[in-house]
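Coordinate inspection notes
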Amino acid sequence: MQHSVQSSPRSTRELWVWLFAGLLGFGVWLWSLPRHQVLMPAALALDAAEAREVALERLRDLGPLPENAYVVVRLSNDSELERRMQLAADERGARALGTTRLAERLRFWQVVVYPPGAQPRGWSYRATLSTDGRTLSLRRSTRVSIADEAGSDPIAEQGTIEFPFDQADASIRAREFLERHGVDLSGFVEESAVLRDTGADRADIRRLRFADQEQALGDGLAYGLDVAFVDGEIVGFAPWLEDAAKDEIERETAGLQLSGFARSIVTFLLLPLVAVPFLRRYHAGLLGIGRGAQIGALVLVLGVVWVVLSIRSVSEGTNFGLIDRPTTAWVMAFFIIVFQILPMAAVTVMAWSAGESYARGRWPSRLASFDALLHFDWNNATLARSALRGVAGGFLATGSYALASLLLRERGIWALESALSPATAIAAPMTALVALAINLSILIPLFLFTVLFVPAWTARRLSVRVASWTLFVGVAFLLPVLAMLPPLWNWLLWLFPTAVVAVAFWRGDLLSSFLTLTISHASLPLAPLILADDRGLALQAWLVLLALSAPMLVSLRSLGSGREFVYAWDDVPPHVRRIAERERQQVELETAREIQAAILPSLPERVGPAEVAYLYRPASEVGGDFYDVLELDDRRLVVAVGDVAGHGVSSGLVMSGLRSALSVQVRYSAEIEEVFERLNAVVHGTHRRRLLATLIYAVVDLDRGRVRLASAGHLGPYLLTADGEMSALETIAYPLGVRDELPIAPIEAAIGPGDTLVVYSDGLVEARPDGSNEMFGFERLETTLADLAGRSAAEVRDGLLAAHERFVDGAPPEDDVTVVVVRF
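What counts as what
Numbering of residues begins from 1 in every chain and follows the order in which that chain's sequence is written. Side-chain atom pairs in this predicted model are given and counted only at pLDDT of 80 or more, local residue features only at pLDDT of at least 70, and totals for whole chains, interfaces and linings cover all residues. Only hydrogens and water are removed before side-chain values are computed, so all heavy atoms of the structure are retained for them. Strands are runs of DSSP state E lasting at least two residues, helices are runs of H or I lasting at least four, and both sets are numbered from the N terminus onward. Each residue gets one of three labels from its accessible area relative to the maximum for its type: buried under 20%, exposed over 50%, partly exposed in between, using a 1.4 Å probe on protein chains only. For accessible areas, the Shrake-Rupley method is used with a probe of radius 1.4 Å. Any residue's cover is judged against the shown protein chains and nothing else. Salt bridges, as used here, are contacts in which a Lys or Arg side-chain nitrogen is within 4 Å of a carboxyl oxygen on Asp or Glu. Note on terminology: a nonpolar core comprises buried Ala, Val, Leu, Ile, Met, Phe, Trp, Tyr and Cys residues joined through side-chain atoms within 4.5 Å. Note on aromatic pairs: the rings of Phe, Tyr and Trp (six-membered ring only in Trp) are paired at centre separations within 6.5 Å, and the planes decide the class, stacked below 30 degrees, edge-to-face beyond 60, tilted for the rest. Note on criteria: charge over ring means Lys NZ or Arg CZ within 6 Å of the ring centre, with the direction from the centre no more than 35 degrees off the ring normal. Two strands qualify as a pair provided DSSP detects at least 2 bridges between them. The angle between two axes is taken between their N-to-C directions and runs from 0 to 180 degrees, where each axis is a line fitted to C-alpha atoms and a helix contributes only its stretch in contact. Like charges within 9 Å and nonpolar side chains (Val, Leu, Ile, Met, Phe, Trp, Tyr) within 5 Å are joined into patches, using only residues over 30% in relative accessible area that form no salt bridge. Left-handed describes a crossing whose near helix is turned anticlockwise from the far helix through less than a right angle; right-handed describes the clockwise counterpart. Should any heavy atoms of two residues lie within 4.5 Å, those residues are considered in contact. Under the scheme applied here, ten amino acids are nonpolar (Ala, Val, Leu, Ile, Met, Phe, Trp, Tyr, Cys and Pro), four are charged (Asp, Glu, Lys and Arg), and all others, including Gly, are polar. Here a polar contact is recorded for every N or O atom pair within 3.5 Å, except that within protein the pair must consist of a potential hydrogen donor and a potential acceptor, and residues adjacent in sequence are included only if both atoms are side-chain atoms.

1. Quick look at the overall build of the protein chain
Scanning the protein chain for helices and strands turns up 28 helices and 23 strands. For the protein chain, buried positions account for 53% of its 824 residues. Summed over its atoms, the accessible surface of the protein chain is roughly 36,600 Å², and 56% of this surface lies on carbon and sulfur atoms.

Set out below in structure tokens:
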């Protein structure tokens, strides 16, 4: 499948430029990682499994955990608090804020314990841990705390119960409890008032509050810890925060959340856009779905993998009613797969199949390295160059985005690190696989629609320049990294990475742009993993990048080999072969049509003293009708119209032969008997299938005012006199080629000044509208001609054509239509 070629020096220099740009971008990205995480708490020191064990151990301090519990672990982010700290960082300094106790709450492990059979709201224990494993909150459900051993619920039966509360004793026990769980109270002050509220299950809850004295964000935001008591017993502690600007912060982050939600439903908007051209080309046999189905199946598998492995954390907070928590998770998984993953797979199948069918004819070289990748033929320079461009472009886009976002931070424009964090993947087992699955399952359908389908369709319908703009606009608006506030900066900051993706496509190919886009999307959210103190998490982050760089790493040794990926006929998809065969046939038909057009004459408006107008409409690329009007040396005119049975290539070949034979015979002798004898011999002797051909042949003697004609199975012409009389000139004989000898019976008629001869083929009178058996017919033809008596030849032709078109109402012709009008 390969052959040897030599790379040009220009191509080699370009690859060195890509390599240098990629290394520069990679270095800038690594340099920027800790600077982007300046507000975030200490690096991840626990993975999900370790966080689970630590949290369960500390929750036992609140009481015995239920057996066979359903435990949910998730890495959570507080985007509103992060935004609040970003706004304060412009005045107080980001590094100073990043060392406060408040920063611990930006990213944390959350562990929720459900007893067997519990509904989503029926949790029994909750805990949150900092990223380095310190306890941020512990809580036991108030319902658990007041249920008796038999499982009865006195609160539900009797309503709210009053319990005595000794604040001094509660304070001592609260301090001991917090210090036991690693809270240093030297920076807190206990408030004198005791807060009292009623829980969701009507339990009487007392809260002893401790305010944090560091007040990192000024007087406008107070925060600290409170310890909850029910029936005089501690049921846990949790952080609290009071922010006067809370509503404003929520509105500011809502735009970013809305943009992320819009991307999650954009697949449904893309489905009808790609489905219509896909179905049209599929029914026309212009595309195949084999390769598209394989890529769609990959998207489906990737989506199912990340849903199954992370459904516990993804479904936390979802409630479908009376079903228990494990069932809720699987119902949620079903909805995600059916209403998100399956539509994405469908878009993938249709976008690839339709886009590929357009691209194969316009720029097949753009698909070569992608085909090599899918054929698992990675030992060639074609794939190596493409993968090098893609990986280098990905890190160039990543580094430029990271650097630009750092520069914008100086102007108060921040990126929400919590929006970039792959929290779902980090909380799942096999973190690297889940992170890669999430990234690819979302990007593949959007990429194929934006970079393959739309540009290929636009280039086919409009131009390559327009296709370039559609690619750029599509990547800029459908595929940006969503993390910046204000949200408008997401699209402005993404312009340069968009340009890198576009250049990777036009200077490289589809695979180059795919790797560029995928690496830029995958690498930015990996900062928490790469910077993690847990070596396993850091290793998995690098495994993600290695997996995306695998095409380059595996094929790089072939970069200088000169071995290119080329297609053998058996490697070409069947639908592409069908398209190529159809295009070959179309070229042959077009050539035949051009040859026929060169054979058939283009009649002048006057031949000698007569006006001439004609119409020829073949029913297919190659027609079976022929016509001619010739002036002889003795001031006589010859008018001929023939019709070979059927239409298409075979009829066209017979027609061409008859037309040539007629032209030669008329020059030799124009007499009717000799012409029919000669043409009958041509058809009878040279065409084994004995295709029938009809002919009307007339010789007009203008000096004598007579027309002499004969017909071989052809419909008789009409003669319109100057004073409006109309007559059909009918003569009967067998069609050409039926017998070796053709007896004919010529007839003769008088003509005068202003008389008009109308000769036509049967395609005119046999025309009919779609879905109707009614034909144009002789009666309608004669009525139309009677109305046109006395008009010029062109007016007669145009009037007849207008009546014909009104009748058929746009229906395609079933047979060739020929009309020749001669006015003397």
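Let's pick the thread back up.
2. Some thoughts on the pattern of salt bridges
Counted by the stated rule, this structure contains 34 salt bridges. For Glu 14, the salt bridge identified is with Arg 389, shortest N-O distance 3.7 Å. Pair noted here: Glu 14 is in helix H1 (residues 9-36) and Arg 389 is in helix H12 (residues 381-409), with a separation of 375 residues, a long-range link. Assigned by exposure class, Glu 14 and Arg 389 land together as buried. Between Asp 169 and Arg 173 there is a salt bridge whose closest N-O contact spans 3.0 Å. Within this pair, Asp 169 and its partner Arg 173 are both found in helix H7 (residues 167-180), separated by 4 residues, close to a single helical turn. Using a relative accessible area of 36% as the deciding quantity, one classes Asp 169 as partly exposed. Linked by salt bridges that have partners in common, Asp 701, Arg 704, Arg 706 and Glu 748 make up one network.

3. A closer look at the nonpolar core
Soluble, globular proteins show a tendency: their nonpolar side chains are buried together. Counting residues in each nonpolar core, the largest one holds 133 residues, and the members touching the most others are Trp 109 and Leu 510. Per element, the largest residue contribution to this core is 17 residues, and it comes from helix H15 (residues 431-461). Within the second largest apolar cluster, 52 residues are counted, among which are Leu 600, Leu 632, Val 641 and Ala 693.

4. A short note on the packing of aromatic side chains
Evaluation of the coordinates by the stated rule reveals 26 aromatic pairs. Geometrically, the ring pair formed by Phe 26 and Trp 29 is tilted, given 5.9 Å between the ring centres and 50 degrees between the ring planes. With Phe 26 and Trp 29 both in helix H1, this residue pair falls 3 residues apart, about one helical turn. Here Trp 29 falls in the buried class, since its relative accessible area comes to 1%. Their ring planes at 80 degrees and their centres at 5.9 Å tell us that Phe 334 and Phe 335 sit as a pair that is edge-to-face. For Phe 334, a relative accessible area of 49% corresponds to the partly exposed category. Put simply, the rings of Phe 26, Trp 29, Phe 395 and Trp 542 pair up and form one aromatic cluster. If you follow Arg 209 out to its NZ or CZ, it ends over the ring of Trp 240, 4.0 Å from the centre. The side chain of Arg 312 reaches across the aromatic face of Tyr 70, ending 4.1 Å from its centre.

5. Focus on the sheet that holds strand E18 (residues 706-712)
In space, the 5 strands of this open sheet follow the order E15-E16-E17-E18-E21, with antiparallel pairing throughout. Of all the strands in the sheet, just strand E15 (625-631) and strand E21 (747-750) have a single pairing partner and so form its edges. The mean angle between the axes of side-by-side strands here comes to 15 degrees, regardless of whether they run parallel or antiparallel. Relative to strand E16 (residues 636-644), E15 is paired through 7 bridges, and the arrangement is antiparallel. Considered in E16, the bridge of Leu 630 is made with Val 638.

6. Details of a nonpolar patch on the surface
Together, Leu 258, Phe 261, Ile 265, Phe 268, Phe 320, Phe 334, Phe 335 and Phe 339 make up a nonpolar patch on the protein surface, roughly 790 Å² of accessible area in all. Every element with two or more residues in the nonpolar patch is listed here: helix H8 (246-283) and helix H10 (325-362). Of the residues forming the nonpolar patch, the biggest block, 4 residues, is contributed by H8. With respect to the helices, strands and loops of the structure, Leu 258 is situated in helix H8.

7. Structural notes on the pairing of strand E23 (residues 817-823)
For a regular strand, side chains alternate in direction, first toward one face of the sheet and then toward the other. Taking burial as the measure, the 7 residues of E23 include 7 buried ones, the bulk of the element. Alternating residues of E23 divide into Val 817, Val 819, Val 821 and Arg 823 and Thr 818, Val 820 and Val 822, and every residue in both groups is buried. For strand E14 (residues 610-617) and E23, the ladder comprises 7 bridges, and the chain directions are antiparallel. Opposite Glu 611, over in E23, you have Arg 823 as the bridge partner. As defined by bridge partners, strand E22 (residues 756-760) adjoins E23 across 5 bridges and the pair is classed as antiparallel. Bridge pairing links Thr 756 to Arg 823 in E23.

8. Digging into the packing of helix H9 (residues 290-314) against H15
Relative orientation of the contacting elements H9 and H15 amounts to 140 degrees, with a least axis distance of 8 Å. The hand of the H9/H15 crossing is left-handed. Side by side, H9 and H15 meet where Ile 295, Leu 298, Val 299, Leu 302, Gly 303, Val 305, Trp 306 and Leu 309 of the first sit next to Leu 433, Val 434, Ala 437, Ile 438, Leu 440, Ser 441, Ile 444, Pro 445 and Leu 448 of the second. Of the residues assigned to the contact of H9 with H15, the class counts are 15 nonpolar, 2 polar and no charged.

9. Overview of unusual backbone geometry
Note: most peptide bonds trans; most residues except glycine with negative phi. Across the junction of Leu 485 and Pro 486, the peptide omega takes the value 0 degrees, indicating a cis bond. Structurally, Pro 486 is set in the loop between strand E11 (484-485) and helix H17 (488-493). At Asp 231, a position not held by glycine, the phi torsion is positive, near 60 degrees. Mapped onto the elements, Asp 231 comes out in the loop between strand E8 (221-230) and strand E9 (233-243). Residue Arg 635 is not a glycine yet carries a positive backbone phi of 65 degrees. You can see Arg 635 is positioned in the loop between E15 and E16.

10. Overview of the environment of Thr 398
Its location among the elements puts Thr 398 in helix H12. Residue Thr 398 is classed as buried on the basis of its relative accessible area of 0%. In sequence terms Thr 398 and Thr 516 are 118 residues apart; their C-alpha atoms lie 9.0 Å from each other. In contact with Thr 398, not counting residues within four places along its chain, are Trp 29, Ile 519, Ser 520, Ser 523 and Leu 524. Separated by 2.8 Å, the side chain of Thr 398 and the backbone oxygen of Gly 394 make a polar contact.

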